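# Per-entry structural report
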Amino acid sequence: MSDSLRLSVPDFRDPGQRAAFFDVAEAAIDVDGYDPFNEQARLDVESGRRSPIVVTLWPRESETPLDRPVGAAILGRGELDFVIDPLYRGKGFGELAVRGLLATARGNLTAWSHGDHPAARRLAERHGFVLDRTLLHLEAPLASHPASSHDTAPDALPAGFTLDSMHVGADDEEWVELNARIFDTHPEQGRLSVDDLKARQAEPWFDAGDVLMLRDASGRLVGYDWVKVEPRASEGEIYVLGVDADVARRGLGRALLQAGLTRLADRGCERAGLYVEADNAAAVRLYRSAGFAEHTIDVQYRRTIDPCDPFIHS
């Protein structure tokens, strides 16, 4: 009898099982330098919208698994996020675990590879996935950026536009409606609901002053730059920036970016990061012109077939 892998759903009500699940991700962060689970995946698994799965190794002739899980996954709603603990990589465990995961995930399925890991690329090819999206993680130092001089953002706005912070509760529905219009074709950002917004407002990093709201002369919300600073972090993030198409091509995106970078500098951040779709040429040009450079690349694979044999290509 050889060693075997088993997949199971941990009970997050048990602190030990919850910690063991996220310990796999922390081990990967320590080695790879980036999180295998993005923010949306973590919110989904914490809220119960998607299921956590741990991959455990049962040694030959043992009645109990190893204390340390081999891997972890978040599965559901047509999405898969998966990571193998670096300690167990290169032993074929990823292939075996993916076979088991795909056996329970029928139909169309997307899977992220944060950092565009070569092993994930090989697994995708073997199991009928094709490259669907490329997400660039860009970074820029704030010390050498003009925005870090703490100039006041309103001076850079075209006449008739004003900038203010979010008023939690009062602005929620208007922000969600604008966000849906701006990102109507985006598979994740465009589907945020008021409940999703409230979940983010409940996060320890949330600060209403970090959500810069752009209004026109009539008071209508036409854009925003939401920046994010984790507690005790020296790097901030341009979390999401958007401008209504009705007021496009007036330099408002650049003005919002400058205001967001100023806010991050005011918060004591030394660097700024952001994520942008690689095929969004206008946004990529804007960020690169502001001094942002590529840090890592995330790719999303898609399976648009439902193979009769779940082990196809294996």
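A short tour of the structure in this document, coming up.

Analysis parameters
Residues numbered from 1 in each chain as written. Predicted model: local features only at pLDDT ≥ 70, side-chain atom pairs only at ≥ 80, totals over all residues. Heavy atoms only, no water. Buried < 20%, exposed > 50% of the residue type's maximum accessible area, 1.4 Å probe, protein only. Helix = DSSP H or I, 4+ residues; strand = E, 2+ residues; numbered from the N terminus. Pairing = 2+ DSSP bridges. Expected span 1.5 Å × (residues − 1). Contact = heavy atoms within 4.5 Å. Polar contact = N/O pair within 3.5 Å; in protein donor to acceptor, adjacent residues only side chain to side chain. Phe/Tyr/Trp six-rings, centres within 6.5 Å; stacked < 30°, edge-to-face > 60°. Lys NZ or Arg CZ within 6 Å of the ring centre and 35° of its normal. Axes fitted to C-alpha atoms, helices over the stretch in contact; angles between N-to-C directions. Parallel < 35°, antiparallel > 145°, perpendicular 65-115°, else oblique. Left-handed = near helix turned anticlockwise from the far one by under 90°. Nonpolar A, V, L, I, M, F, W, Y, C, P; charged D, E, K, R; others polar.

Turning our attention to the pairing of strand S9 (residues 221-228). Of all eight residues in S9, eight are buried; the element is thus mostly enclosed. Of the strand pairs in this sheet, strand S8 (residues 211-215) and S9 are connected by five bridges, and their pairing is antiparallel. Across the sheet, residue Met213 finds its bridge partner in S9, namely Tyr224. The turn joining S8 and S9, which pair antiparallel and follow one another in sequence, is formed by five residues; a positive phi near 95 degrees is taken by Gly219. Here S9 runs beside strand S10 (residues 235-243); their pairing, made up of six bridges, is antiparallel.

When the terminal C-alpha atoms of helix H3 (residues 93-104) are compared, their 17 Å separation across twelve residues agrees well with the 16 Å that a helix rising 1.5 Å per residue should span. Taken together, the buried positions of H3 are Phe93, Gly94, Glu95, Ala97, Val98, Leu101 and Leu102.

On to helix H1 (residues 15-32), then. With 18 residues, H1 should reach 26 Å at 1.5 Å per residue; the first-to-last C-alpha distance of 25 Å fits that figure. Buried within H1 are the following residues: Phe21, Phe22, Val24, Ala25, Ala27 and Ala28. Next to the buried residues of H1 lie helix H2 (39-47), strand S2 (51-58), strand S3 (71-76) and strand S4 (79-84). Backbone nitrogen of Gly16 and a side-chain oxygen of the N-cap are separated by 2.8 Å at the start of H1; the cap is Asp14.

What follows concerns the side chain of Glu95. Structurally, the position occupied by Glu95 is in helix H3. By relative accessible area, Glu95 is classed as buried at 13%. For Glu95, the side chain forms a polar contact with the side chain of Arg126, separated by 3.0 Å.

Evaluated as defined, the whole model comprises twelve aromatic pairs. Taking the centre distance of 5.6 Å and the plane angle of 45 degrees together, the rings of Phe12 and Phe22 count as tilted. Remark: Phe22 occurs in helix H1 and Phe12 occurs in the loop between strand S1 (4-8) and H1; sequence separation between them is ten residues. Across the pair, exposure class does not vary: Phe12 and Phe22 are buried alike. Geometrically, the ring pair formed by Trp175 and Trp226 is edge-to-face, given 5.5 Å between the ring centres and 80 degrees between the ring planes. Of this pair, Trp175 sits in helix H5 (residues 172-182) while Trp226 sits in strand S9, placing them 51 residues apart in sequence. The exposure classification of Trp175 matches that of Trp226, with both residues buried. Aromatic ring contacts, followed pair by pair, group Trp175, Trp205, Phe206, Tyr224, Trp226 and Tyr239 into a single cluster. Lys228 extends its terminal NZ or CZ atom over the ring of Trp205, reaching a point 4.6 Å from the ring centre.

Turning next to the packing of helix H7 (residues 252-266) against helix H8 (residues 281-289). At a minimum axis distance of 11 Å, the contact between H7 and H8 shows a crossing angle of 45 degrees. It follows that H7 is oblique to H8 by the angle criterion. Where H7 crosses over H8, the two elements pack in a sense that is right-handed. For the pair formed by H7 and H8, the contact residues are Gly253, Arg254 and Leu257 on the first element and Leu286, Tyr287 and Ser289 on the second. Its residues placed into classes, the contact of H7 with H8 shows three nonpolar, two polar and one charged.

Right, let's get into the side chain of His137. Position of His137 relative to the elements: it lies in strand S6 (residues 130-141). Those residues in contact with His137, other than ones at most four positions away along the chain, are Glu235, Gly273, Leu274, Tyr275, Ala293, Glu294, His295 and Thr296.

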